[in-house]
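# Coordinate inspection notes
So you can see what is in the structure, the chains are spelled out below.
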Amino acid sequence: MSSALTDLLPLPIVQAPMAGGVSVPQLAAAVCEAGGLGFLAAGYKTADGMYQEITRLRGLTSRPFGVNLFMPQPDLAESGAVEVYAHQLAGEAAWYETELGEPDGGRDDGYDAKLAVLLDDPVPVVSFHFGVPDREVVARLRRAGTLTLVTATTADEARAVEAAGADAVVAQGVEAGGHQGTHRDSPEDDGAGTGLLSLLAQIREAVDIPVVAAGGIMRGGQIAAVLAAGAEAAQLGTAFLTTDESGAPEPYKQALTDPLFARTRLTRAFSGRPARSLVNRFLREHGPYAPAAYPDVHQLTSPLRKAAAKAGDAQGMALWAGQGHRMARRLPAGRLVEVLAAELAEARTALSDESPKDGFRGDASRKGGEGA
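These lines cover the structure that appears in this document, whether it is placed above or below. Quick caveat: nothing in here was measured; it's all calculated off a predicted structure. (Residues numbered from 1 in each chain as written. Predicted model: local features only at pLDDT ≥ 70, side-chain atom pairs only at ≥ 80, totals over all residues. Heavy atoms only, no water.)

## Some points on the overall build of the chain
Check the secondary structure of the chain and you find 16 helices and 11 strands. The globule rule puts the C-alpha radius of gyration for 372 residues at 21 Å, and the 21 Å found for the chain is close to it. Referenced to the eigenvectors of the C-alpha coordinate spread, the extents of the chain come out at roughly 70 × 45 × 40 Å. For the chain, with 372 residues in total, the buried portion stands at 54%. Long-range pairs, those at least 24 residues apart, make up 69% of the contacts in the chain between residues at least 6 apart in sequence. Counting every atom, the chain has about 16,000 Å² of accessible surface; 50% of that belongs to carbon and sulfur. Within the chain, the 46 negative side-chain charges are centred at a point lying 4 Å from the centre of the 34 positive side-chain charges. (Helix = DSSP H or I, 4+ residues; strand = E, 2+ residues; numbered from the N terminus. Rg over C-alpha atoms; globule rule 2.2 N^0.38 Å. Buried < 20%, exposed > 50% of the residue type's maximum accessible area, 1.4 Å probe, protein only. Contact = heavy atoms within 4.5 Å. Areas by Shrake-Rupley, 256 points an atom, 1.4 Å probe, with all protein chains shown as cover. Lys, Arg positive; Asp, Glu negative; His and termini not counted. Charge placed at Lys NZ, Arg CZ, Asp CG, Glu CD.)

Structure below.
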């Protein structure tokens, strides 16, 4: 990892930016103060709303932190597909006594305005999801003193991240909760994601920039595993959902470890883009019919999800969660970082103690030698 990025990480633990009100300043600050890298999620916020959260976070910690941006999205929806889905959701609107949202609220998520704020008042780290920023954007952020990370879900996407000049790539395995950060939304690829360890190996061979591993990581031992596999740090999202400082509604936090919600699935039901969620009633009933239309479907279902959350009805909420959700722990965020760090240290010690001193040492030790 570059020395500049290493300096930001006393511990190789990154709190994933989770849009929708989860990654609040209190959560990011607690992670930063404990030695990890906390993140704010600017997705779905206005530029001013993002700036206000940055200001609050700076009042809570002097440690480095990051801000995540969503890349603007093309219009891929088939003509009439969103209208058909809206008709299907009419019963949900009646049930929750609310109106459906307007699916024409813009496709760029205020990208340019947010970039302008971050260039005028730089933060230590900016990460990007759903695509790769232009080389000039990355260069301008670097000149402002900001390091850049970009999510990739394939080796080809990682190459595009490196070509753009980013400082590091976030390798997101298919196990990850929430939206897959694919650079192009291709319905034919639904469900074809790669597991984290395989993806990490492919990306490490494809690029020379540092890699942050993300997807299903819930324990320090897993962090040790991805570090051993070549990652420089691990990014955890679901693990922080149940912390005291998380902005997730209480029914959401409870659902993560509730035996009623035993599985996760990638679905377009809530947003129109593939995202991993706990399987609930809404997902089962509407997932098979949701069109590939992001952010149109997100905007359409937003009032429904908010009404379900207000009613405490987890069956109607978007319960983004990674495959390790049942391992979530109810702890303060700072304490969780401490526990993860202790587990990581223990795992590293165990790996060191179990390293073979004689005899077969594996392929790595034979490279360039006998049998290579």
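Past the structure itself, the notes keep going.
## A few points about the sheet that holds strand 9 (residues 233–236)
Read across the sheet, 8 strands follow the order 1-9-8-6-5-4-3-2 without closing on themselves; strand pairing throughout is parallel. One side of each edge strand has no neighbouring strand; the edge strands of this open sheet are strand 1 (13–15) and strand 2 (38–41). Strand-to-strand twist across the sheet, computed as the mean angle between neighbouring axes with direction ignored, equals 25 degrees. Across 4 bridges, the pairing between strand 4 (residues 125–129) and strand 5 (residues 147–152) is parallel. From the neighbouring strand, valine 126 faces strand 5, where its bridge partner is threonine 148. Against the sheet, helix 6 (residues 111–120) makes contact with strand 3 (65–70) and strand 4, and its axis sits at roughly 160 degrees relative to strand 3, the strand it touches most. (Pairing = 2+ DSSP bridges. Axes fitted to C-alpha atoms, helices over the stretch in contact; angles between N-to-C directions.)

## Some remarks on the pattern of salt bridges
In total, this model carries 16 salt bridges according to the counting rule given. For arginine 184, the salt bridge identified is with glutamate 188, shortest N-O distance 4.0 Å. In this pair, the class of arginine 184 matches that of glutamate 188, namely exposed. Across the salt bridge formed by arginine 329 and glutamate 343, the nearest N and O atoms sit 2.7 Å from each other. Within this pair, whereas arginine 329 is found in the loop between helix 14 (296–310) and helix 15 (333–354), its partner glutamate 343 is found in helix 15, the two being separated by 14 residues in sequence. Overall, the relative accessible area of 19% leaves arginine 329 in the buried class. Connected through salt bridges with shared partners, the residues Lys45, Glu53 and Arg56 form a single ionic network. (Salt bridge = Lys/Arg side-chain N within 4 Å of Asp/Glu carboxyl O.)

## Quick word on the packing of helix 2 (residues 25–33) against helix 15
Axis separation between helix 2 and helix 15 bottoms out at 8 Å; the angle between their running directions is 35 degrees. Helix 2 and helix 15 meet at a crossing whose hand is right-handed. Residues Leu27, Ala30 and Val31 of helix 2 pack against Ala333, Gly334 and Val337 of helix 15. Across the contact of helix 2 with helix 15, the residue classes tally to 5 nonpolar, 1 polar and no charged. (Left-handed = near helix turned anticlockwise from the far one by under 90°. Nonpolar A, V, L, I, M, F, W, Y, C, P; charged D, E, K, R; others polar.)

## Re the sheet that holds strand 7 (residues 178–179)
Pairing within the open sheet is antiparallel, and its 3 strands lie in the order 7-11-10. Looking at strand neighbours, the two that pair on one side only are strand 7 and strand 10 (264–267), the edges of this open sheet. Strand direction decides the pairing type here: strand 7 and strand 11 (residues 275–278), joined by 2 bridges, are antiparallel. Bridge pairing in strand 11 places histidine 179 opposite alanine 275.

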